[in-house]
Amino acid sequence: MPRLTQLATLWRIVREVDLEAIRQHAEAPTRVLVVGETPGDADDLAALLVGPHPEAATWVTALGAEEARDAVPPAGGALVDGPDLVVLVARGRDWSDTIQSVRRAWLDRRTRLVQVVLQAGAEPGTTRTQGETVSLALDGLAEDGLDHLAKALFAAVEPDRRLSLARQFPPLRACAFTVLIDETAKANAGYAFSTGLAEVVPVLGVPLTIGDILVLTKNQLMMSYRIAMAAGKAGKASELVGEIVGVLGGGLLFRQVARQLAGMLPVIGIVPKVAVAYGGTWAIGRAVTIWATEGRKLTGERLRQLSREGLARGRQVANTLQRADKKKEYWL
């Protein structure tokens, strides 16, 4: 089997990925308008988005409901400088006529909307999606609700705009990294589950074809580059990819992670296959996140820890997929 860490193989994968499009989406501005029943509520939520990063305030405007109602552009007008996302902050179930008017006005303009309802009586973090609107219940506007808020914002926008939000608002980045890693790891696990991987990689003793590894690696590369973009990294795509591969020491191509997983797999079968696909991707995502946010390369021991944790998570995902598949077969 040819070594997948060879540079020619890496750049063959890179050429299949439109990294420039990812960069453009990440660097495109996402303007956020926060409207509160009171100006104080709007300011408090905006402060959560900005955190200790004053430069992030460039992308958010906070208004009270009265002022926001007067600032809504006329219906049918071009929203050249309008917000890409509107966040409403209300208290309880009974909203004022003013904020209801603001809500209707932005919905009429088909603007993405997040409704944060404080003290609504629902479990904090409860979300509901209806059309282009995401509703979120919170007890208050404190940092412990930031993860819930980030998930609601990401649910309200197109997937590519998540990178822009995370890049502009650093407090949202931790959630963005988690979402990117989880989605990619699950996608790779689903791929491994569905394909029936056939050729054995000697270091693993787990069936993986060259073609399958290339598909999984391509997903990992896109995930890693998106993490770098969400973290605010700058530079040419080729330079960032080179840094990522250097940080992982070849781990992006399953090499390092595979070595750590060797011997951990009790039997050959669908569960180990999926566990490796998920666990390797998860470990790589966490390693890239540490590099992107802390600027440091992982030690071998830390990579082994991530590999073990990723494998444990992968086994759970594999068992879940297997149970779901058996249930489907049963009903057929």
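The preceding data block contains the structure.
Just so you know, these numbers come straight off a predicted model, no measurement behind them. (Residues numbered from 1 in each chain as written. Predicted model: local features only at pLDDT ≥ 70, side-chain atom pairs only at ≥ 80, totals over all residues. Heavy atoms only, no water.)

In this section: the packing of aromatic side chains. One pass over the full model with this rule turns up zero aromatic pairs. It is lysine 233 that lies over the ring of tryptophan 291; its NZ or CZ is 4.6 Å from the centre. (Phe/Tyr/Trp six-rings, centres within 6.5 Å; stacked < 30°, edge-to-face > 60°. Lys NZ or Arg CZ within 6 Å of the ring centre and 35° of its normal.)

Attention now goes to the sheet that holds strand S3 (residues 85-91). Sheets are built from strands that pair by backbone hydrogen bonding, the pairs being arranged parallel or antiparallel. Pairing within the open sheet is mixed, and its six strands lie in the order S2-S1-S3-S4-S6-S5. This sheet does not close on itself; its edge strands, each paired only once, are strand S2 (60-64) and strand S5 (127-130). Going from strand to strand, the sheet's axes swing by 20° on average, the running direction of each strand aside. Judged from the four bridges that link them, S5 and strand S6 (residues 133-138) form a sheet pairing that is antiparallel. Bridge pairing links threonine 129 to valine 134 in S6. (Pairing = 2+ DSSP bridges. Helix = DSSP H or I, 4+ residues; strand = E, 2+ residues; numbered from the N terminus. Axes fitted to C-alpha atoms, helices over the stretch in contact; angles between N-to-C directions.)

As for its position among the elements, arginine 162 is in helix H7 (residues 159-168). According to the relative accessible area criterion, arginine 162 is buried, its value standing at 18%. Reaching out from arginine 162, the side chain makes a polar contact with the side chain of glutamate 183 at a distance of 3.0 Å. Not counting residues within four places of it along the chain, the set of residues in contact with arginine 162 comprises Phe154, Val157, Val179 and Glu183. (Buried < 20%, exposed > 50% of the residue type's maximum accessible area, 1.4 Å probe, protein only. Polar contact = N/O pair within 3.5 Å; in protein donor to acceptor, adjacent residues only side chain to side chain. Contact = heavy atoms within 4.5 Å.)

Function cannot be inferred from these measures alone, as they are strictly geometric.
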